Amino acid sequence: MSVSWHVVCRSEAVIPGTGVCALVEGKQVAIFRTFKDRQLFALDNFDPIGRANVLSRGIQGSIGETLVVASPLYKQHFALATGLCLEEDVRIPVYEVREQHGLIEVAA
Amino acid sequence: MNKQRIVVVGNGMVGHKFIDNLIASDQSGQFEVITFSEEPRLAYDRVQLSKYFAGATAEDLALTNEDYYQAHGVNYVLSDKVERLDFINKEVITASGRREAYDKLVLATGSFPFVPPIPGNDQPHCLVYRTIEDLEAITKSAKQSQVGVVVGGGLLGLEAANALKQAGLSTHVVEFAPRLMAVQLDEGGGQLLRRKIEAMGVTVHTQKATTEIVAGEKCRYRMNFADGSHLETDMILFSAGIRPQDELARLCGLELGERGGIKVNNYCQTSEPDVYAIGECALWSGQIFGLVAPGYHMAKVALSHIMGGDEAFTGADMSTKLKLLGVDVASVGDAQGRTPNSKSYIYSNDVEDIYKRIVVSADGKRLLGAVMVGDAEAYGTLQQLCVNAMDLPADPNVLILPAVDGAAQLMGVDSLPDTAQICSCFDVSKGAICCAVQAGAQNMGELKASTLASTGCGGCSALVKQVMDAELTKLGVEVNNDICEHFAYSRQQLADIVRVKKIRSFSALLESHGTGHGCDVCKPAIGSILASFWNDYILEDDHIGLQDTNDIFLGNLQKDGTYSVVPRVAGGEITPEKLIVLGQVAKQFNLYTKITGGQRVDLFGAQLNDLPTIWQQLVDAGFETGHAYGKSVRTVKSCVGSTWCRYGVDDSVGLAIDIEDRYKGLRSPHKLKFAVSGCTRECAEAQSKDVGIIATEKGWNLYVCGNGGMRPRHADLFATDLDSDTLIRYIDRFLMFYVRTADRLQRTSVWLENLEGGLDYLKQVIIEDSLGLGAELEVEMQHVISRYQCEWKTTLSDPAKLKRFSHFINSDARDDNLVYVQERAQVRPAREQERISTVEVVEPALV
Ligand SMILES: Cc1cc2nc3c(=O)[nH]c(=O)nc-3n(C[C@H](O)[C@H](O)[C@H](O)COP(=O)(O)OP(=O)(O)OC[C@H]3O[C@@H](n4cnc5c(N)ncnc54)[C@H](O)[C@@H]3O)c2cc1C
């Protein structure tokens with residue numbers, strides 16, 4: 001299985017502390033940038049608990065040492081790095097994301 | 001071994017307590033219980049009966065339920081009165097003819113309201129106040145009445161008067177004695193109580209003996225009094241005292257008191273040794289106890305005796321503390337100073353309407369009794385001093401004089417013995433509370449759950465909290481009000497920091513006062529604090545990551561990821577033209593349409609991509625955002641008021657629109673709802689709102705801190721007969737004080753309940769400006785008002801912000817997960833089952 005990089009938007013489109021959703025090869029990918037160190041993360045946009053495509057609209061933060069996003073529907077937390085849910089026994093796919101020449105790219 | 005059979009006649013508060021104690025006992029296996037209730041339901045909390053008028057249901061009031069009794073093998077028979085006792089065959093016989101044998105019989109038949117033998121007292125709208133059925137009848141009658149009279153100015157009578165007043169009736173209290181609450185209060189206390197109650201619009205008539213009730217001219221009835229005067233009314237509530245329900249005992253030859261009541265000894269045994277009487281039907285040492293705590297004690301004593309124990313009933317403390325029509329009233333021990341040679345200290349303050357009196361022993365060493373009206377703060381201390389016969393301070397004056405700044409604490413809870421009974425309803429001692437705290441209870445909720453303290457009448461709650469706090473401090477526990485792991489501060493402390501240090505961004509606050517990255521708890525809270533004080537556009541890049549999706553997209557997120565659209569319709573007034581625009585927009589974007597309780601229209605199912613177009617059309621038609629998505633001012637509901645209504649006293653719609661326009665956009669710890677009613681019929685339901693206003697002939701009455709929703713709370717009357725300017729000034733201050741001091745997501749109702757000093761304190765701060773904050777609060781409000789902007793208008797004029805309103809950052813495609821079905825001619829999201837049959841599932845190809 002080959003993975004290819006897709007340009008999704010300009011760097012400034014993802015404001016620190018927020019997320020956006022990109023359509024990559026038919027998949028909905030939520031891309032987040034942390035506000036403290038401006039790191040990028042990409043997760044699946046589908047909230048498996050609320051069963052809707054909303055995770056890019058969640059609030060970011062940290063629980064202990066783990067960087068997370070909270071689902072805007074029922075507030076479960078998903079780890080940005082691993083996709084693991086902190087409250088329930090589910091995990092969502094994570095994707096690779098990088099920044100090059102002022103553009104954000106996702107591998108899917 | 002055969003089980004002993006206990007029959008309990010009456011399943012009221014005390015009968016149930018007896019059974020509950022039996023269930024909890026380790027000997028419960030040796031007994032078989034059956035209880036009879038004349039009422040159609042198992043025991044409920046009669047003490048809290050008046051809550052029924054504030055919306056509590058029979059279920060809320062229930063003290064137990066059938067499942068619980070069944071699970072513990074308690075047999076019960078409802079709606080069947082025990083009519084005969086057969087002491088020879090040891091049987092009871094009911095109205096339906098049922099016979100049950102007993103080994104031990106417990107009579108817990110309570111009491112019944114005394115209705116004075118006045119000709120005409122048996123007419124349809126002449127009622128009493130004792131059972132849930134009585135309250136249903138009162139509610140029904142009140143709906144068909146404008147004027148109501150309560151006969152009897154005692155504790156229950158005044159509670160009943162409050163109910164009538166809340167029902168919107170012009171209310172009178174008719175009392176035979178020269179003053180109100182003649183049993184519990186002295187002359188001075190009674191006079192002040194009367195003044196306060198009259199100021200609230202309840203008319204009090206003392207020294208009136210009703211001679212007959214005849215047909216009225218203006219109202220349904222006319223009451224004629226012995227002194228030749230009369231009073232017209234549509235309904236009459238008798239609350240002229242209670243009489244022990246001793247009919248059964250009388251019929252079957254048990255020994256009674258001269259004026260009724262089933263005679264019992266110290267073990268609650270009647271003249272038949274196997275028959276016990278407990279609660280309000282029992283007469284001990286010539287006394288009937290009309291309170292629940294002594295009844296509970298009797299239940300314990302009787303059970304102990306049946307099980308071979310030797311606990312004894314030796315009388316009870318009849319001290320009480322209550323809020324009657326919003327007035328704090330308390331009475332301790334010998335309130336009237338009847339003890340020979342006793343001496344009194346009196347503090348009377350006509351400015352603040354406070355009256356306090358303590359009665360001390362001839363030697364000045366012991367407290368014998370006390371009366372408090374208008375300020376019952378000292379109740380806990382005084383009651384304990386009296387009951388435990390503790391030494392008085394050298395100068396007993398300090399017990400009732402207002403605390404002077406810097407004065408030392410009078411009597412800390414530390415000085416109470418461990419055996420001191422703090423909660424009399426559930427017999428919880430200071431020692432028991434301390435034990436519970438040591439075992440881990442750290443707040444009132446946990447403490448109530450583990451000890452039941454303060455879950456009865458609630459009169460002891462302040463004292464319980466003091467004992468708890470003292471014990472927590474002793475254990476070195478600091479009560480943790482931190483908002484979350486990132487900030488070691490409460491919301492209120494954070495608000496102070498933001499205000500005082502003039503901090504304008506989350507990152508600055510996190511840097512100076514927090515740790516980590518923040519989270520979905522602290523971020524929105526701080527976002528709201530920043531918005532409340534600075535009213536910056538909340539979607540600035542600096543603030544946007546703090547906001548809930550609702551605030552970012554200026555709509556309410558629904559379960560499928562779409563949003564609702566709710567334009568402001570101030571005061572619920574809308575032109576036909578605007579109504580048509582709403583219809584057109586809904587139709588064009590296929591939105592589900594519903595009218596809200598706040599008198600506006602909700603449009604559901606708007607997709608992110610469509611939100612700007614929808615709002616452009618609405619803004620063009622003159623609509624503004626309704627802030628339905630925010631923790632902010634929602635709606636000001638109004639009735640049509642004096643402009644159209646035949647009964648309207650003032651222009652409620654006009655005021656509602658003014659108020660809604662004034663406070664729209666204000667961010668707060670939680671949503672805020674208002675209402676304005678044009679007369680006391682209260683069609684706008686203002687008394688269930690955070691801020692409620694009712695027009696009277698003399699001006700506006702202001703109510704605060706009401707709530708509908710999950711935990712309904714009747715609003716408190718805050719100030720009366722206000723002109724519009726004063727009204728607005730009070731609301732300005734009230735809202736800003738709430739914004740400053742409430743915790744995150746704390747509605748005004750809960751905020752008030754947790755506010756130390758409660759309603760009186762709030763009045764001092766807002767009306768009397770006791771903190772000297774008034775002007776500052778008004779200026780802050782003015783600042784917020786002057787910076788108002790319609791967030792949708794601002795957003796629509798900024799192309800950069802509009803870019804956000806797309807499901808994908810890199811495509812105009814829409815969320816393909818949205819599936820709708822038709823129901824009652826509108827769309828709704830498909831359920832999981834329907835979705836499977838409607839969607840053709842296309843698996844995305846694997847790359
Ligand atoms: C509005 C109101 C407010 C009150 N506020 C307070 C307060 O703040 N503080 C306080 O301490 N007390 C208060 N009280 C008093 C308190 O409710 C009573 O003290 C308590 O209910 C007494 O309990 P009981 O079991 O003796 O009687 P009840 O609770 O009256 O129970 C007696 C039961 O026996 C049933 N019964 C009677 N005869 C028969 C029969 N022959 N067969 C079958 N069933 C029968 C009755 O129908 C009734 O259900 C208040 C009372 C009222 C009405």
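Rules used in this analysis
Along each chain, the written sequence defines residue order, and numbers are assigned to residues from 1. Each chain takes a letter, starting from A, and each ligand takes a number, starting from 1, following the order in which they are written. Residue-level local features of this predicted model are given only where pLDDT is at least 70; pairs of side-chain atoms are given and counted only at 80 or more, and the full residue set underlies all totals for whole chains, interfaces and linings. Computation of side-chain values: all heavy atoms of the structure, hydrogens and water removed. UniProt positions are given in the numbering used here, feature names are shortened, and annotations may be inferred rather than shown by experiment. Secondary structure elements follow DSSP: runs of H or I of four or more residues count as helices, runs of E of two or more count as strands, with numbering from the N terminus. Summary of the burial criterion: residues with accessible area below 20% of their type's maximum are buried, those above 50% are exposed, and those between are partly exposed, where the area comes from a 1.4 Å probe applied to protein chains only. Any two residues whose heavy atoms approach within 4.5 Å are treated as being in contact. Accessibility throughout is a Shrake-Rupley quantity obtained with a 1.4 Å probe, and a residue counts as covered only by protein chains that appear here. Think of each axis as a best-fit line through the C-alpha atoms, taken over the contacting stretch in the case of a helix, with angles from 0 to 180 degrees between the N-to-C directions. Under this scheme an angle from 65 to 115 degrees is roughly perpendicular, one under 35 degrees roughly parallel, and one over 145 degrees roughly antiparallel; angles in between are oblique. Handedness of a crossing is defined here by the sense of rotation of the near helix relative to the far one, left-handed for an anticlockwise turn of less than a right angle and right-handed for a clockwise turn. Cavities and pockets are defined on a 1 Å grid built over the protein atoms alone: a cavity is a set of grid points where a 1.4 Å probe fits but cannot escape, while a pocket is an open set with protein on both sides within 12 Å along at least five of seven lines, and lining residues are those with an atom within 4 Å of any such point. Grid points are joined across faces, edges and corners, and a volume is the space filled by probe spheres set on the points. For this classification, Asp, Glu, Lys and Arg are treated as charged, while Ala, Val, Leu, Ile, Met, Phe, Trp, Tyr, Cys and Pro are nonpolar and the rest, including Gly, are polar. Accessible-area loss on putting two parts together, using a 1.4 Å probe and summing over both, is the definition of buried area adopted here. By definition here, a salt bridge exists when the distance from a side-chain nitrogen of Lys or Arg to a carboxyl oxygen of Asp or Glu is within 4 Å. Contacts described as polar in this section are N or O atom pairs within 3.5 Å, which, within protein, must combine one atom able to donate a hydrogen with one able to accept it, while residues neighboring in sequence count only if both atoms come from side chains. The directions considered for the arc run from the helix axis to the C-beta atoms. Residues are labelled near a given molecule or strand when at least one of their non-hydrogen atoms is within 4 Å of it. For every domain, the bounds stem from an assignment made automatically or drawn from a database. At least two bridges found by DSSP between two strands is the condition for calling them paired.

Looking up chain B in an unreviewed UniProt entry gives the name Nitrite reductase (NADH) large subunit, with the organism given as Simiduia aestuariiviva. One UniProt comment on chain B, placed under Pathway (unreviewed entry), says "Nitrogen metabolism; nitrate reduction (assimilation)." UniProt, in the comment section headed Sequence similarities (unreviewed entry), describes chain B in these words: "Belongs to the nitrite and sulfite reductase 4Fe-4S domain family."

In the nomenclature of an unreviewed UniProt entry, chain A is known as Nitrite reductase (NADH) small subunit of Simiduia aestuariiviva.

A.B. asks: Would you take a moment to explain the overall build of chain A for this structure?
C.D. replies: Within chain A, the secondary structure is distributed over zero helices and eleven strands. Expressed as a percentage of its 108 residues, the buried residues of chain A come to 56%. Summarising the internal contacts of chain A: among those between residues at least 6 apart in sequence, 41% fall at separations of at least 24. Looking at chain A as shown, the accessible area adds up to about 4,700 Å², and 50% of this sits on carbon and sulfur atoms.

A.B. asks: Help me out: how do you make sense of the packing of helix α13 (residues 491–500) of chain B against helix α15 (residues 522–534) of chain B in this one?
C.D. replies: The relative placement of two packed helices comes down to the angle between their axes together with the axis-to-axis distance. Residue and element names in this part refer to chain B. Two elements in contact, α13 and α15, have axes whose closest approach is 10 Å; the angle formed by their N-to-C orientations is 45°. Looking at the two axes, α13 sits oblique to α15. Crossing handedness for the pair α13 and α15: right-handed. Residues R491, L494, A495, V498 and R499 of α13 lie in contact with α15, whose contacting residues are A525, I526, S528, I529, L530, F533 and W534.

A.B. asks: Which parts of the structure should I look at to understand the UniProt feature "binding site: [4Fe-4S] cluster" (unreviewed entry) in chain B?
C.D. replies: Residue and element names in this part refer to chain B. In the UniProt entry, the feature "binding site: [4Fe-4S] cluster" (unreviewed entry) is given for C639, C645, C679 and C683. These annotated residues cover 45 residues of sequence, and their C-alpha atoms lie no more than 11.0 Å from one another, placing them together at a single site. Within the fold, C639 resides in the loop between β32 (633–638) and α20 (652–663). Using a relative accessible area of 16% as the deciding quantity, one classes C639 as buried. Residues in contact with C639, not counting those within four places in the same chain, are S652, V653, V676, S677, G678, C683 and A684. With relative accessibility at 10%, the residue C679 sits in the buried group. Contact partners of C679, with chain neighbours within four places excluded, come to Y647, G648, V649, I694 and A695.

A.B. asks: So what exactly am I meant to see when it comes to empty space enclosed by the protein here?
C.D. replies: Take a probe with the size of a water molecule and roll it over the atoms, and the empty space left behind shows itself. Applying the stated criterion across every chain, the model contains four cavities of 30 Å³ or more. Volume-wise, the largest cavity comes out at about 70 Å³. Forming the walls of the largest cavity are R57(A), D560(B), G561(B), T562(B), Q607(B), L608(B), N609(B), H807(B), D815(B) and L818(B). Taken together, the residues of the lining of the largest cavity break down into two nonpolar, five polar and three charged.

A.B. asks: How should I be thinking about the interface of chain A and chain B in this particular structure?
C.D. replies: For an interface, size is often stated in terms of accessible area lost upon the parts coming together. Counting residues at the interface gives 38 residues for chain A, matched by 39 residues for chain B. For the pair chain A and chain B, the summed buried area comes to about 3,100 Å², and 57% of that belongs to carbon and sulfur atoms. Of all residues in chain A, F35(A), R57(A) and I59(A) bury the most surface against chain B, accounting for 23% of the area lost on that side. There are one salt bridge connecting chain A and chain B. One salt bridge in this structure joins R51(A) and E832(B), with 3.3 Å as the shortest N-O distance. Counting every contact that joins chain A to chain B gives 16 residue pairs in polar contact (both at pLDDT 80 or more). Broken down by secondary-structure element, the contributors of at least two residues to the side of chain A that touches chain B are β1 (5–10), β2 (19–24), β6 (52–53), β7 (59–63) and β8 (66–70) of chain A.

A.B. asks: What is the right way to read helix α23 (residues 758–766) of chain B from this model?
C.D. replies: For an α-helix, 3.6 residues make a turn, and residues three or four places apart therefore share a direction. Residue and element names in this part refer to chain B. Residues G758, L759, L762, V765 and I766 constitute the buried set of α23. Around the axis of α23, the buried residues are gathered within 120° of arc, so they sit on the same side. Contacts made by the buried residues of α23 are with β35 (699–704), β36 (716–722), α21 (724–741) and α22 (748–754).

A.B. asks: Looking at this model, I keep getting lost on the side chain of S71(A). Mind explaining?
C.D. replies: Residues and elements named next belong to chain A. Along the chain, S71 turns up in the loop between β8 and β9 (77–79). Among the polar contacts listed, one links the side chain of S71 to the backbone nitrogen of L73, at a separation of 3.1 Å. Residues in contact with S71, not counting those within four places in the same chain, are D47, V54, L55, Q76 and F78.

A.B. asks: What exactly am I supposed to notice about the site of the ligand here?
C.D. replies: All names here are of chain B. By nearness alone, 30 residues border the ligand, and V14, E39, R46, R130 and E280 come closest of all. The separation between an oxygen atom of the ligand and a polar side-chain atom of R46 is 2.9 Å. Only α1 (13–24) and α5 (155–166) provide two or more residues apiece to the shell around the ligand. When residues in the shell around the ligand are grouped by element, the largest group, three residues, is from α1. Tallied by class, residues from the shell around the ligand come to 13 nonpolar, nine polar and eight charged. Looking at the shell around the ligand, you find at least three residues from each of domain 1 (4–112 + 244–306) and domain 2 (126–240).

A.B. asks: I tried to follow the sheet that holds strand β23 (residues 343–349) of chain B on my own but got confused; where do I start?
C.D. replies: Pairing between the strands of a sheet comes from backbone hydrogen bonds, and it takes one of two forms, parallel or antiparallel. Residue and element names in this part refer to chain B. The sheet built from five strands is open, its strands ordered β21-β22-β25-β24-β23 with antiparallel pairing. Of all strands in the sheet, those with a lone pairing partner are β21 (320–324) and β23, marking the two edges. Sheet twist, expressed as the mean angle between neighbouring strand axes with direction ignored, is 10°. On the sheet, helix α9 (residues 379–387) packs against β21, β22 (327–333), β24 (354–360) and β25 (367–373) and is oriented at approximately 160° with respect to β25.

A.B. asks: Can you help me understand the sheet that holds strand β14 (residues 221–225) of chain B in this one?
C.D. replies: All names here are of chain B. Ordered by their spatial adjacency, three strands build an open sheet running β13-β14-β15, and the pairing between neighbours is antiparallel. The open sheet has two free edges, formed respectively by β13 (210–215) and β15 (230–233), since each of these has just one partner strand. Strand-to-strand twist of the sheet, defined as the mean angle between neighbouring strand axes without regard to direction, takes the value 20°. Here β14 pairs with β15 via four bridges, running antiparallel. Following the sheet pairing, M223 is matched in β15 by L231.

A.B. asks: How do you make sense of the pattern of salt bridges when you look at a structure like this?
C.D. replies: When the charged atoms of two side chains with opposite charge come close together, those side chains can pair. Residue and element names in this part refer to chain B. All told, the structure shown has 52 salt bridges over all chains when counted by the stated rule. Note that E791 is salt-bridged to R667, the shortest N-O span being 2.6 Å. You can see E791 sitting in helix α25 (residues 791–796) and its partner R667 sitting in the loop between α20 and β33 (672–677), a full 124 residues away along the chain. The pair E791 / R667 is uniform in exposure class, with both members buried. Because the salt bridges share partners, they merge into one network encompassing D496, R499, R740, E776 and E780.

A.B. asks: How should the pairing of strand β10 (residues 94–100) of chain A be read in this particular structure?
C.D. replies: The side chains of a regular strand alternate between the sheet's two faces. Residues and elements named next belong to chain A. Note: strand β4 (residues 40–44) against β10, two bridges, orientation antiparallel. What sits directly across from A42, in β10, is Y95. Sheet topology note: the β10/strand β11 (residues 103–107) ladder contains five bridges and is antiparallel. If you follow Q100 over to β11, its bridge partner there is L103. With antiparallel pairing between neighbouring strands as the criterion, β10 and β11 make up a hairpin whose turn holds two residues, including H101 at a positive phi of roughly 50°.

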